[in-house]
Amino acid sequence: MYIDNSWYGGRYILSRFCKVEEKEAFASIQHGHNLVNGKELGKRKIILTPWLVWNKKISDNCLKRGVKNVIPIGSVFLYLNKFSRLSVLKSKGTLVFPLLSQPEEKNNTNYIKLIKYLKKNFPGPYTISISVNDMMHLDKNYKNIKNVKFTSWGYRGDKNYLKKLTDNIKLHEKIVCVYPGSPIIYSLYLKKKVYLLNNFYLNNKNKQKIREIKKSLLLNLNDFKKYGLNVKNLNHKNNLSVVKKILGEEYMKTPEELIKLLGWDNKIKKILAKLLSILVNFKEDFKNGFNYSKKRRLGKDFK
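As the structure is a prediction and not an experimental result, all values here were calculated from the model.

Moving on, we get to the sheet that holds strand 7 (residues 174-177). If you walk across this open sheet you meet the five strands as 6-5-4-7-8, and the pairing is parallel. Among the strands making up the open sheet, the edge pair consists of strand 6 (148-151) and strand 8 (193-196). Sheet twist, expressed as the average angle between the axes of neighbouring strands with direction ignored, equals 20°. Sheet analysis places strand 5 (residues 126-129) next to strand 6, joined by four bridges and oriented parallel. Of the residues in strand 6, the one forming a bridge with Ile-128 is Phe-150.

Laid out in structure tokens, this is it:
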């Protein structure tokens, strides 16, 4: 129903966990790290549909703001980890998460400077995660750098996006992030050594843009701190229990409970979800042009 329900494989993963066919859900699904004090937290036009979030801290904060029908179920990542098993004898090398470009925002990373820093401070081989958009415009010379591989998990609408990301975290010994987002939380949960850089390695000299990135970075770090995460030492032993709280491990549901929350056990809710999905598509296409809703659902070529 909601356009971003299928992003990063969210709805697909829940259907796999429940062992049912994937279909439109009469619910909104949290697909990544959300700021507990975010201005738009929990706001949606159709309050009848529940917002299924990671943890109780988020649902409680929504309730304080008068936003109801917000239910903690744990992160989709946790459900994926329940049924997706990758056998890794020994992880090696370093996986890197620079700032990604998306259809609505381009980030011009200086990969040469980033790679030089990595080779001085972290073990190879090096895998650099970039977006499909970045991959399409990647300088051919970068692809020939020894011991360095650029990879992409696909568009946001790729149902295997989160699985590819998670599998690659498992395959690597160390995880390096330029920005404090969901990969840090997932990596700590998987007991990896995680490092956050203090340089964005961008070619962009737009001061306003850099200020915006720094502001967003501080908001995320402060949010992590509110949960009790030691951001000065990400590899502190206590951080594992903290990320379990952030991801909402204690709020995970059974397949039967999820099927009910997603409206997959109710004929009327299934019909409503389908109808509302059509209405959302029509609204997006009318406002932005033909097939815009399809592009947004795929996570490609929209503004």
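Resuming the write-up.
Across the junction of Gly-124 and Pro-125, the peptide omega takes the value 0°, indicating a cis bond. A positive phi angle, near 60°, is found at Tyr-8, a position not held by glycine. Inspection of the secondary structure puts Tyr-8 in the segment before helix 1 (10-18). With a relative accessible area of 18%, Tyr-8 lands in the buried category. Phi at Tyr-201 is positive, roughly 55°, even though this residue is not glycine. You can see Tyr-201 is positioned in the loop between strand 8 and helix 8 (207-227). The class of Tyr-201 is buried, set by a relative accessible area of 12%.

Right, let's get into the packing of aromatic side chains. The full count for this structure, using the stated rule, is 13 aromatic pairs. With a centroid separation of 5.5 Å and an interplanar angle of 85°, the aromatic rings of Phe-77 and Tyr-189 are classed as edge-to-face. With Phe-77 in helix 3 (residues 76-83) and Tyr-189 in helix 7 (residues 182-189), this pair connects stretches of sequence that are 112 residues apart. In this pair, the class of Phe-77 matches that of Tyr-189, namely buried. Through successive ring pairs, a cluster of aromatic residues spans Trp-54, Phe-77, Tyr-186 and Tyr-189. The ring of Trp-7 carries the charged tip of Arg-156 above its face, separated from the ring centre by 4.5 Å.

Of all the residues in helix 2 (residues 56-64), the buried ones are Ile-58, Ser-59, Asn-61 and Cys-62. Along helix 2, the residues classed as buried sweep out an arc of 165° about the axis, all on the same side. Within helix 2, the exposed residues directed more than 90 degrees away from the buried face are Leu-63 and Lys-64. Buried positions along helix 2 lie against strand 2 (51-53), strand 3 (70-72) and helix 8. You can read the cap of helix 2 off the contacts: a side-chain oxygen lies 3.0 Å from the backbone nitrogen of Lys-57, and it is on Asn-55. Gly-66 sits one or two positions beyond helix 2 and adopts a positive phi of about 85°.

Another aspect to go through is the pattern of salt bridges. In total, this model carries six salt bridges according to the counting rule given. Across the pair Asp-167 and Lys-163 runs a salt bridge, and its minimum N-O distance is 2.7 Å. Note that Asp-167 and Lys-163 are positioned in helix 6 (residues 161-171) at a spacing of four residues, about one turn of the helix. With a relative accessible area of 33%, Lys-163 lands in the partly exposed category. In this structure, the salt-bridge partner of Glu-284 is Arg-296, at a minimum N-O distance of 3.6 Å. Taken together, the residues Glu-284 in helix 11 (residues 267-288) and Arg-296 in helix 12 (residues 292-298) connect sequence positions 12 residues apart. If you follow the salt bridges from partner to partner, you end up with Arg-11, Glu-22 and Glu-24 in one network.

We now examine the pairing of strand 7. Side chains Lys-174 and Val-176 project from strand 7 onto one buried face, and the interleaved Ile-175 and Cys-177 project onto a second face that is buried too. By the bridge criterion, four bridges tie strand 4 (residues 94-97) to strand 7 in an arrangement that is parallel. Considered in strand 7, the bridge of Leu-95 is made with Ile-175. Relative to strand 8, strand 7 runs parallel, the two being bridged by four bridges. Looking across to strand 8, one finds that Cys-177 is bridged to Leu-196. In this region the chain leaves strand 7, passes through helix 7 and returns to the parallel neighbour strand 8; the handedness of that crossover is right-handed.

Cut-off values and rules
Residues numbered from 1 in each chain as written. Predicted model: local features only at pLDDT ≥ 70, side-chain atom pairs only at ≥ 80, totals over all residues. Heavy atoms only, no water. Pairing = 2+ DSSP bridges. Helix = DSSP H or I, 4+ residues; strand = E, 2+ residues; numbered from the N terminus. Axes fitted to C-alpha atoms, helices over the stretch in contact; angles between N-to-C directions. Buried < 20%, exposed > 50% of the residue type's maximum accessible area, 1.4 Å probe, protein only. Phe/Tyr/Trp six-rings, centres within 6.5 Å; stacked < 30°, edge-to-face > 60°. Lys NZ or Arg CZ within 6 Å of the ring centre and 35° of its normal. Arc of directions from axis to C-beta. Contact = heavy atoms within 4.5 Å. Polar contact = N/O pair within 3.5 Å; in protein donor to acceptor, adjacent residues only side chain to side chain. Salt bridge = Lys/Arg side-chain N within 4 Å of Asp/Glu carboxyl O. Right-handed = clockwise from strand over helix to strand, strands pointing away.

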